[in-house]
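Structural characterization, general
Chain residues, written in single-letter form:
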Amino acid sequence: MKIVSACLVGINCRFNGKNKANEKLVELFKKGILIPLCPEQLGGLPTPRPPCTIVGGDGHDVLKGKAKVLTRKGEDLTAYFVKGAHEVLAIAHLLDIKEAILKSRSPSCGCGKIYCEDFTRKLRDGDGVTAALLKENGIKVYTERNFNCSDY
Ligand code: SF4
C-alpha cells in the first residue's frame, strides 16, 4: 500500500474545491493499492479554502518552527498544516506504509520543488510540510511526475 494525495485520484479536496486527477494514478487507486489522503483537510481546513504559501523556508523549516504557512492576506495557518502532516504520518505508521505519491509543488504535498512565497507560479527548491515530515520519518516520497505507474 502507498499513500497518495487525494486530489491526484479525483477527490475534490483542493483549495479551490477541485481535483488534479492523474489518469494512471486513478487506475492504480482502482486496483486498491493507494490510500488517498489530503493533509490540509486532515489538519482541519475547510474546502474550498484560501491558497497558502510557505514563508521563511520550506516544510522542514515549518516543522522546526522557523517558517510559517500563510494565506495571501497573511493569516497564519501553520498549525493546520503541521497537524495534517502528523495525521498522514500516523496513518502511514498504522498501516506500515513506506511510500507516498504526493502532488508536486503544493505547500503540503510538494516534494523537491514548491511554489515561491509570492503566490506566483514560480518554483523554488524545497518540500511541502507533509512531504518533509514523511521524509524525515523514512518514508520515500514521489510526486505524480516521477512515480513510475507502469511498475504496477
Ligand atoms: S493538501 Fe495535498 S492532497 Fe490536499 S489538495 Fe493539496 S496537494 Fe492535494
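Basis of the calculations
- Residues numbered from 1 in each chain as written.
- Predicted model: local features only at pLDDT ≥ 70, side-chain atom pairs only at ≥ 80, totals over all residues.
- Pairing = 2+ DSSP bridges.
- Helix = DSSP H or I, 4+ residues; strand = E, 2+ residues; numbered from the N terminus.
- Axes fitted to C-alpha atoms, helices over the stretch in contact; angles between N-to-C directions.
- Contact = placed C-beta atoms within 7 Å.
- Buried ≥ 20, exposed ≤ 12 C-beta atoms within 10 Å, placed from the backbone.
- Core = buried A, V, L, I, M, F, W, Y, C linked by C-beta atoms within 7 Å.
- Near = placed C-beta within 6 Å.
- Nonpolar A, V, L, I, M, F, W, Y, C, P; charged D, E, K, R; others polar.
- Arc of directions from axis to C-beta.

Glancing now at the sheet that holds strand 2 (residues 34-37). With respect to topology, 4 strands assemble into an open sheet ordered 2-1-5-8, the strand pairing being parallel. Of all the strands in the sheet, just strand 2 and strand 8 (140-143) have a single pairing partner and so form its edges. Strand after strand, the sheet turns through a mean of 25 degrees between neighbouring axes, direction not considered. Packing against the sheet, helix 1 (residues 23-30) makes contact with strand 1 (2-5), strand 2 and strand 5 (99-102), and its axis sits at approximately 115 degrees to strand 2.

Residues separated by three or four positions in an α-helix point in the same direction, a consequence of the helix having 3.6 residues per turn. Across the 8 residues that make up helix 5 (residues 129-136), a large majority, 6, are buried. Inspection of helix 5 places Val 129, Thr 130, Ala 131, Ala 132, Leu 133 and Leu 134 among the buried residues, and these make up the whole buried set. Buried residues belonging to helix 5 abut helix 2 (39-42), helix 3 (59-63), strand 4 (68-71), helix 4 (78-94), strand 5 and strand 8. Downstream of helix 5 by one or two residues, Gly 138 has phi in the positive range, about 80 degrees.

Counting residues in each nonpolar core, the largest one holds 44 residues, and the members touching the most others are Val 4, Val 9, Leu 25, Val 62, Val 88, Val 129 and Leu 134. The element best represented in this core is helix 4, accounting for 7 residues. Residues in contact with Val 129, not counting those within four places in the same chain, are Gly 59, Val 62, Leu 63, Val 69, Phe 81, Val 82, Ala 85, Pro 107 and Ser 108.

Right, let's talk about the pairing of strand 3 (residues 52-55) for a bit. In summary, the side chains of a regular strand alternate between the two faces of the sheet. Taking every second residue as pointing to the same face, the buried face of strand 3 carries Cys 52 and Ile 54, while none of Thr 53 and Val 55 on the other face is buried. Pairing geometry for strand 3 and strand 4, over 4 bridges, is antiparallel. Residue pairing in the sheet places Ile 54 in a bridge with Val 69 of strand 4.

What follows covers the site of the ligand. Lining the immediate surroundings of the ligand are Ser 5, Ala 6, Cys 7, Cys 13, Arg 14, Cys 38, Pro 39, Glu 40, Lys 103, Ser 106, Ser 108 and Cys 109. Across the shell around the ligand, the residue classes break down as 6 nonpolar, 3 polar and 3 charged.

Among the secondary structure elements, Glu 27 is positioned in helix 1. Residues Glu 27 and Val 9, spaced 18 residues apart in sequence, show a C-alpha to C-alpha distance of 8.5 Å.

Another point: helix 1. Residues of helix 1 that are buried include every one of Leu 25, Leu 28 and Phe 29, and no others. Taken down its axis, helix 1 places every buried residue within 105 degrees of arc, on the same side. Along helix 1, exposed side chains directed more than 90 degrees from the buried face belong to Glu 23 and Lys 30. Against the buried residues of helix 1 lie strand 1, strand 2 and strand 5. Taken from the residues just after helix 1, Gly 32 is the one with a positive phi, measuring 85 degrees.

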